[in-house]
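Secondary and tertiary structure notes
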Amino acid sequence: MALKGFESLCSPRASQIISGDKGNPQYHKGNNPSGAYVTHYKIDGTVIKEGNRCDYLLMNEDTRTAYLIELKGSDLVKAARQLEATGKLLARELAGYQLRYRIIANKCKTQEIYSCAYRKYQIRWKERLVQKTGSIIETI
């Protein structure tokens, strides 16, 4: 289901969907080889204008999978909190979707990756959370 009142950034059956900001080297690329119906939204400043929120939402409407995407400098705990807050704020719109959480950082300190604060998100979200430095390229 498309987000009411907002226009998708991509065409309905786009083969590649890139979430990235000008001047920011981090990006997420969703490959759509099956030609599934997809929608893509800029969350930060467009759908949600204040408070904690992630950068992008990418939705595969055919598989009912929603990817919450955060492009971050290095603060993984803050990134996870932004993903969590966005999921809660859009809970009604995302009901019935499998949520996937993506953090693309510029750099990460090992001690932060293993910190108690970040580990709680890794444990709660298990394989639904992917965190990488630089980029994430995946089939959606």
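Quick summary incoming for the structure in this document.

The full count for this structure, using the stated rule, is 2 aromatic pairs. Measuring from centroid to centroid gives 3.7 Å for Tyr101 and Trp125, while their planes differ by 10°, and the two rings are stacked. One end of the pair, Tyr101, is in strand S6 (residues 98–105); the other, Trp125, is in helix H4 (residues 116–125), and 24 residues separate them in sequence. Neither residue differs from the other here; Tyr101 and Trp125 are each classed as buried. Aromatic side chains Tyr121 and Trp125 sit 5.2 Å apart centroid to centroid with 45° between the ring planes, which places their arrangement in the tilted category. A residue pair is termed a helical-turn pair when its members lie 3 or 4 positions apart in one helix, as Tyr121 and Trp125 do in helix H4 at 4 residues. Given a relative accessible area of 2%, Tyr121 falls into the buried group.

Let us now look at the nonpolar core. Counting 26 residues, the largest nonpolar core has Ile43, Leu57, Leu94 and Ile103 as its most contacted members. Contributions of two or more residues to this core are made by strand S4 (56–60), strand S5 (65–72), helix H1 (76–89), S6 and H4. Broken down by element, the residue count for this core peaks at 5 residues, all from H1. Counting 12 residues, the second largest nonpolar core, distinct from the first, contains Cys10, Ala14, Ile17 and Ile104.

This part is about the pattern of salt bridges. Tallying each qualifying case throughout the model produces 6 salt bridges. Notably, a salt bridge pairs Asp44 with Arg53, separated by 2.6 Å at the nearest N-O pair.

Reading the values: the criteria
Residues numbered from 1 in each chain as written. Predicted model: local features only at pLDDT ≥ 70, side-chain atom pairs only at ≥ 80, totals over all residues. Heavy atoms only, no water. Phe/Tyr/Trp six-rings, centres within 6.5 Å; stacked < 30°, edge-to-face > 60°. Helix = DSSP H or I, 4+ residues; strand = E, 2+ residues; numbered from the N terminus. Buried < 20%, exposed > 50% of the residue type's maximum accessible area, 1.4 Å probe, protein only. Core = buried A, V, L, I, M, F, W, Y, C linked by side-chain atoms within 4.5 Å. Salt bridge = Lys/Arg side-chain N within 4 Å of Asp/Glu carboxyl O.

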